[in-house]
Amino acid sequence: MVKREYGGIDYFRVIAAILVVAIHTSPLSSVSMTADFFLTRIIARVAVPFFFMVTGFFIFSKQEKKQFSYSDFFVKIGKIYSISIVLYLPLNIYTGYFKGYNLFGNIVKDLVFNGTFYHLWYLPGIILGVGMALVLLKFFGFKNTFLISLILYIVGVFGDSYYGFIENLPVVNRFYHLLFQLFGYTRNGIFFSPIFILLGMLIFKRKEKLPFKLAITGFVCSLGLMFLEGWLIHVLMVARHDSMYFSLIPVMYFMFQVLFSLNIKNKKSLRAIPLYVYIIHPWSIVLVRGIGKVLSIEKQLIENSLIHFIVVLVVSFVTAYLVYIFLKKKRLKNYKKGRAWCEVNLSNLRHNYQALKNVLPQDCDIMGVVKADAYGHGDVLIASALQKEGVQNFAVASLREGIKLRKKGIKGKILILGYTYPKEFNKLKKYNLIQTVVDCQYAKALNDYGKRIKVHIKIDTGMNRLGEDFANTEEIIKIFKFSNLEVEGMYTHLCVSDSLLDKDILFSLDQMGRFYNVIETLKTAGHSPKNIHIQSSYGVLNYPELHCQYARVGIALYGMLSSESDQTRVKIALKPVLSVKARVSIVKEIKANKNIGYGGQFTTKESGKIATLTIGYADGIPRNLTDGKVMIKGKQVPIVGSICMDQITIDVTNIAGVQQGDVVTLIGQVNGEKITGEEVARKAGTITNELFSRLGSRLERVYHY
Ligand SMILES: *Cc1c(COP(=O)(O)O)cnc(C)c1O
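In this text, all values refer to a predicted model and were calculated from it rather than measured experimentally. (Residues numbered from 1 in each chain as written. Predicted model: local features only at pLDDT ≥ 70, side-chain atom pairs only at ≥ 80, totals over all residues. Heavy atoms only, no water.)

Enquirer: I'd like to hear about the UniProt feature "domain: Alanine racemase C-terminal" (unreviewed entry) in the protein chain, residue by residue, with values.
Expert: UniProt records the feature "domain: Alanine racemase C-terminal" (unreviewed entry) at residues 577–704, using the numbering of this structure. Structurally, residues 577–704 comprises 10% helix and 41% strand, and the distance from its first C-alpha atom to its last is 10 Å. (UniProt positions renumbered as here; feature names shortened; annotations may be inferred. Helix = DSSP H or I, 4+ residues; strand = E, 2+ residues; numbered from the N terminus.)

See below:
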C-alpha cells in the first residue's frame, strides 16, 4: 500500500481560513462590489464545506486504522465549542444579546444550530452533522445515508439561496416558516454539513484518485457553473441567505480530488492554526476597528477594505500562531512524565487522614508513618502535606530517613522505629530525632553515649520482634532510671490486628492487656510513660476505641488495605493516593504461534497485536505478576510473557488505535475503570505494603495537590 499524502489538504486549510476571514471583511468592497461579490459570496463559499469534508475524510481514515473514538471526537469538538462560546461572551454582552426577547429559546437555538456568535455555527454544525451521519450510517448504510443527506441539502438550498422561488407556495411556505422558527437558517448541522461530511467519507471510501486532468476540468467547469448560479440568484434577488448552491457539491468533490492529485507531503503543523484563525478572527475584526477608532486612523485602517482585510488577517494569524505555540509548550510541559511515573494525589491523602482521625478518640493523634519513602509515595512531600493538615508526629524506620525529613524542613517529632547503630547516636541529637529503645541492653548503650537522647520504649507483647519483653518489668523500670534517656513515650505493636478471627482477636486483646499492665506497674513505681501508642492501620480500623496518645498509621493513610480480602470492623471509604503509569514504546502485529519475550513463556494462539511498555521489575512491578492486567484506552488488557527488568509486553489485539507513546495505567483509576493496588498485590502474592514500598526510584513522581 502506498502511503497517501494529504499535504494538499493541509495547505488548503490555510487558504480556507483566509477565505472565511474574507467573507467577514469583504476585502474588495472598496474596489468593486461585483468583484467582492464573486470573491466572498461565491468563491469563498468553498471554505466551510471544505472543513466539513476534511472532517468526514479523516473520521473514515481513522476508523479504518482503528484509531477513531467517538467520545474523543465529540469531547474534543465540544471543548473547542465551549471555549469559543466563553471567548465571545463579552461581545455577546456588548451587543446586547442577553437583552433580547425570548432569551431562553434563542440561547437553545443558538447553542444547537446557529452558534452563539455569527461564525460559531460551524462547531455545532460539525457535532450535529457528524452525529447524524454516523447514526444514519449505522442504520441505513452508505448509499441511503448519502441520499438522505442530499435530500436534506436540497431542502436546505430552498430555505437559503433559492428561497425566493418557493416563498409564495402556500404549503411549502408554511413548512419553511416552521423550520425558521426552529433553526433560523437552513445552513446548519442538519441541512448543510452532513452532505459534505459524507462527501469526504465517500472520497476516502472509494480510494480512487481522479486523474489530475479530469479533476481540474471538473473543478473548473463546476466552478464556472457556480459563478453562473450565484450570479443568477443575485440578480433575481431570490436569496434569503447566500451560502448554499447546488453546484457547490460538484465543486467540492472535484476540488478535493485536485488537492489530492497534487500529492504534496503532509504538513501536520498546518492543521491547528487555521482552526484557531477561524475561531478568533471576529475578535480581530473588533480589535482592529477599535484600534482604528482610538488612533483616529479609520480612513486608512477600516475604510480601505483591502487594508482592513490584510490587517485583520495578520492579527488573526499571529494570534493563532501564538496560541499554537502556547498550547504546544503546555503539552510539552506535561511530558515531564516521559517514561514511567507515579501520580500522587494529595487530596486523597488529606481525605484519608481526616477519615481516619474521625474514627479515633478526640485526644488520639495520628503519627504519620512515612518510612520507606512513605511506602513509595515520596516521604518529603507526603510528610509536608500531612504537616499542613496538622500532623505533628512522624515515624520512620531508620536514622537516614529521619535526617532526610529534617533536612527538608519537616518539623514536629520524628520517631525512628528501628535500630540505630551506636556510632551514629550523635546524629540523633544533631537532628533532634527520637530513638526507639529496642531492649534494656540497648537502653544502656544509649545512656552510655553520655548526652541526653529522646526515646520511646518499645515493649514486646507477643510479636517476638523488637521490644523489651512485657514480663521483664524490673528491666523496664531500669530503663527509666538511665539519667541520659529522656523517655517521651512507650509503645507496642500488634501482630494479628488485621484478623477478625476469634483467636486472633483474643490474642490482640492479650497484647493490649499486657501493655496496659506494664503501664500500670510503671505508674505505681512512680514513673510516667508519657505518650503511649499501640495501633497501626489495622489497629485503628479494628480497635479504634483504644485510649492512646497516638496511632501509627501507614498503609491506610495511603488509601489501601494490605490485602484485598481483609475485613475490618470500622469501614472507611479510603481513597488510593498513588497510581502507576507508563507508556507504550512499540506496537507490533504478531502472527499465531509466536513466542513473546524471555524464555518463550507465552505463545500467541492467534494473530494479534502486542504492545511493549516502558516499565519493568526494576521499577517495582513484581516479576511474578502472572495474570496481571494493565489499562489502556479505558480498557483492561492482559500482561503476556515474562516481566523484564525495564519492560512489559501486553496484548492489545482487541484495543483499537494503540500507538507509540500512549499512556497505560498499571495501578490506578481512569474514568471509573480501575486496577487497585490490592488486586495487583494479590496477583503478585504479596501485600500492598510490600508492593508500594518497592516502587523503584527510577519512577518519576508527579503530585496533584
Ligand atoms: C510500619 C509500622 C507501622 C505502620 O503500619 P501500617 O500497617 O502500614 O499502618 C506501625 N508501627 C510499626 C512499628 C511499624 O513498623
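That covers the picture; the talk isn't over yet.
Enquirer: Give me the packing of helix H5 (residues 103–114) against helix H8 (residues 170–183): which residues, what numbers.
Expert: At their nearest, the axes of H5 and H8 sit 8 Å apart, and the two run at 100° to each other. The pairing of H5 with H8 is recorded here as roughly perpendicular in orientation. Seen from H5, the contacting residues are Lys109, Phe113 and Asn114; seen from H8, they are Phe180, Gln181, Leu182 and Phe183. For the contact of H5 with H8, the class distribution of residues is four nonpolar, two polar and one charged. (Axes fitted to C-alpha atoms, helices over the stretch in contact; angles between N-to-C directions. Parallel < 35°, antiparallel > 145°, perpendicular 65-115°, else oblique. Contact = heavy atoms within 4.5 Å. Nonpolar A, V, L, I, M, F, W, Y, C, P; charged D, E, K, R; others polar.)

Enquirer: Before we move on, can you summarise the nonpolar core with the specific residues and values?
Expert: Looking at soluble globular proteins, one finds that nonpolar side chains tend to be buried together. In this structure, Met490, Ile615 and Ile650 are the most contacted members of the largest nonpolar core, which totals 116 residues. Looking at which domains feed residues into this core, each of domain 2 (345–558) and domain 3 (578–704) gives three or more. Judged by nonpolar contacts, the second largest core, of 94 residues, contains Leu137, Tyr245, Ile249 and Tyr276. (Core = buried A, V, L, I, M, F, W, Y, C linked by side-chain atoms within 4.5 Å. Buried < 20%, exposed > 50% of the residue type's maximum accessible area, 1.4 Å probe, protein only. Domains from an automatic or database assignment.)

Enquirer: Before we move on, can you summarise the side chain of Ser84 with the specific residues and values?
Expert: Along the chain, the position of Ser84 falls in helix H4 (residues 70–94). Given the relative accessible area of 1%, Ser84 is considered buried. Within polar-contact distance, the side chain of Ser84 engages the backbone oxygen of Ile80 at 2.6 Å. If we skip the residues at most four places from it in the chain, Ser84 touches Leu120, Leu123 and Ile279. (Polar contact = N/O pair within 3.5 Å; in protein donor to acceptor, adjacent residues only side chain to side chain.)

Enquirer: Explain the site of the ligand to me, using residue names and the numbers behind them.
Expert: Around the ligand, 13 residues are found, and the nearest of them are Lys371, Tyr375, Ser537, Arg552 and Gly554. In the model, an oxygen atom of the ligand is placed 2.7 Å from a nitrogen or oxygen of the Lys371 side chain. Here an oxygen atom of the ligand sits 2.9 Å away from a polar atom, N or O, in the main chain of Ile555. Compared with its free state, where it exposes 380 Å², the ligand has 89% of that area covered by protein. (Near = heavy atom within 4 Å. Areas by Shrake-Rupley, 256 points an atom, 1.4 Å probe, with all protein chains shown as cover.)

Enquirer: So what about the pairing of strand S16 (residues 635–640)? Which residues, and what values?
Expert: When strand S15 (residues 629–632) meets S16, the two strands line up antiparallel, connected through four bridges. Following the sheet pairing, Ile632 is matched in S16 by Lys635. Counted along the chain from S15 to the antiparallel partner S16, the turn is two residues long, and its residue Lys633 has a positive phi close to 50°. One ladder, built from two bridges, connects S16 with strand S17 (residues 648–651); its direction is antiparallel. Paired with Val640 across the two strands is Thr649, which belongs to S17. (Pairing = 2+ DSSP bridges.)

Enquirer: Any details on the pairing of strand S14 (residues 608–613)? Residues and values, ideally.
Expert: Within S14, six of the six residues are buried, which leaves it mostly tucked inside the rest of the structure. Side chains of S14 alternate between two faces, with Gly608, Ile610 and Thr612 and Lys609, Ala611 and Leu613 buried alike. Both strand S11 (residues 578–590) and S14 contribute to a ladder of six bridges, which runs antiparallel. Looking across to S14, one finds that Val587 is bridged to Ala611. The pairing of S14 with S17 spans four bridges and is antiparallel. Bridging across to S17, Leu613 finds its partner in Ile648.

Enquirer: Talk me through the domain arrangement of the protein chain; I want residue IDs and the actual numbers.
Expert: Assigned domains of the protein chain: these are domain 1 (7–329), domain 2 (345–558) and domain 3 (578–704). Summarising the inter-unit geometry, the C-alpha centres of domain 1 and domain 3 are found 44 Å apart.

Enquirer: Go over the layout of surface pockets, please, and point to the residues and values.
Expert: Over the atoms rolls a probe the size of a water molecule, and in doing so it shows where empty space is left. The space that makes up the second largest pocket amounts to roughly 640 Å³. Around the second largest pocket, the lining comprises 30 residues; the ones closest to its centre are Lys371, Arg465, His493, Ser536 and Asn689. Listed by contribution, the elements that provide at least two residues to the lining of the second largest pocket are helix H16 (371–375), helix H23 (537–542), strand S10 (550–553) and helix H25 (688–693). For the lining of the second largest pocket, the residue count by class is 14 nonpolar, 10 polar and six charged. Taken domain by domain, the lining of the second largest pocket gets at least three of its residues from each of domain 2 (345–558) and domain 3 (578–704). (1 Å grid on protein atoms, 1.4 Å probe; cavity = no way out; pocket = protein on both sides within 12 Å on 5 of 7 lines; lining within 4 Å. Points joined across faces, edges and corners; volume = space filled by probe spheres on them.)

Enquirer: Got a sec to walk through helix H22 (residues 502–524)? Specific residues and values, please.
Expert: Spanning 23 residues, H22 covers 33 Å between terminal C-alpha atoms, matching the ideal 33 Å at 1.5 Å per step. Within the sequence span of H22, burial applies to Asp504, Ser508, Gln511, Met512, Phe515, Val518, Ile519 and Leu522. Where H22 is buried, its residues touch strand S6 (453–460), helix H21 (473–481), strand S8 (485–492) and strand S9 (531–533). Of the residues trailing H22, Gly526 is marked for its positive phi of about 90°. (Expected span 1.5 Å × (residues − 1).)

Enquirer: Can you tell me about the packing of aromatic side chains, naming the residues and giving the values?
Expert: This model, assessed by the stated rule, comprises 49 aromatic pairs. With a centroid separation of 5.3 Å and an interplanar angle of 35°, the aromatic rings of Phe52 and Tyr122 are classed as tilted. With Phe52 in helix H3 (residues 47–64) and Tyr122 in helix H6 (residues 122–158), this pair connects stretches of sequence that are 70 residues apart. In terms of burial, Phe52 and Tyr122 fall into one category: buried. With centroids separated by 5.2 Å and ring planes inclined at 75°, the aromatic side chains of Phe175 and Tyr176 adopt a geometry described as edge-to-face. Cation over ring: Arg187 sits above Trp121, and NZ or CZ is 4.0 Å from the ring centre. One cation-aromatic arrangement involves Arg240 over Tyr163; the distance from NZ or CZ to the ring centre is 5.9 Å. (Phe/Tyr/Trp six-rings, centres within 6.5 Å; stacked < 30°, edge-to-face > 60°. Lys NZ or Arg CZ within 6 Å of the ring centre and 35° of its normal.)

Enquirer: So, a positive patch on the surface: which residues are in play, and what are the values?
Expert: Together, Lys62, Lys65, Lys76 and Lys268 make up a positively charged patch on the protein surface. With respect to the helices and strands, the residue Lys76 is situated in helix H4. (Patch = residues over 30% accessible without salt bridge, like charges linked within 9 Å, V, L, I, M, F, W, Y side chains within 5 Å. Salt bridge = Lys/Arg side-chain N within 4 Å of Asp/Glu carboxyl O. Lys, Arg positive; Asp, Glu negative; His and termini not counted. Charge placed at Lys NZ, Arg CZ, Asp CG, Glu CD.)

Enquirer: Got a sec to walk through the pattern of salt bridges? Specific residues and values, please.
Expert: Taken as a whole and judged by the stated rule, the model has 21 salt bridges. The salt bridge partner of Asp10 is Arg13, with a shortest N-O separation of 3.5 Å. Here Asp10 pairs with Arg13, and both are found in helix H1 (residues 7–25), just three residues apart, close to one helical turn. Here Asp10 falls in the buried class, since its relative accessible area comes to 0%. Among the residues examined, Arg13 registers a relative accessible area of 10% and is labelled buried. Ionic pairing is found between Glu679 and Lys683, a salt bridge with its closest N-O pair at 3.3 Å. With a gap of four residues between them, Glu679 and Lys683 both fall in helix H24 (residues 677–683), about one helical turn apart. The pair Glu679 / Lys683 is uniform in exposure class, with both members buried. By sharing partners, the salt bridges in this structure join Arg339, Asp619, Asp646 and Arg698 into a single network.

Enquirer: Mind laying out helix H15 (residues 346–359), listing which residues take part and the relevant values?
Expert: Here H15 contains 14 residues, and its C-alpha end-to-end distance of 20 Å stays within 8% of the 20 Å for a straight helix at 1.5 Å per residue. Looking at H15, one finds that the buried residues are Leu346, Asn348, Leu349, Asn352, Tyr353, Ala355 and Leu356. The elements touched by buried residues of H15 are strand S1 (340–345), strand S2 (365–369), helix H17 (379–389), H23, S10 and strand S20 (700–704). The N-terminus of H15 is capped by Asn345, whose side-chain oxygen sits 3.0 Å from the backbone nitrogen of Ser347.

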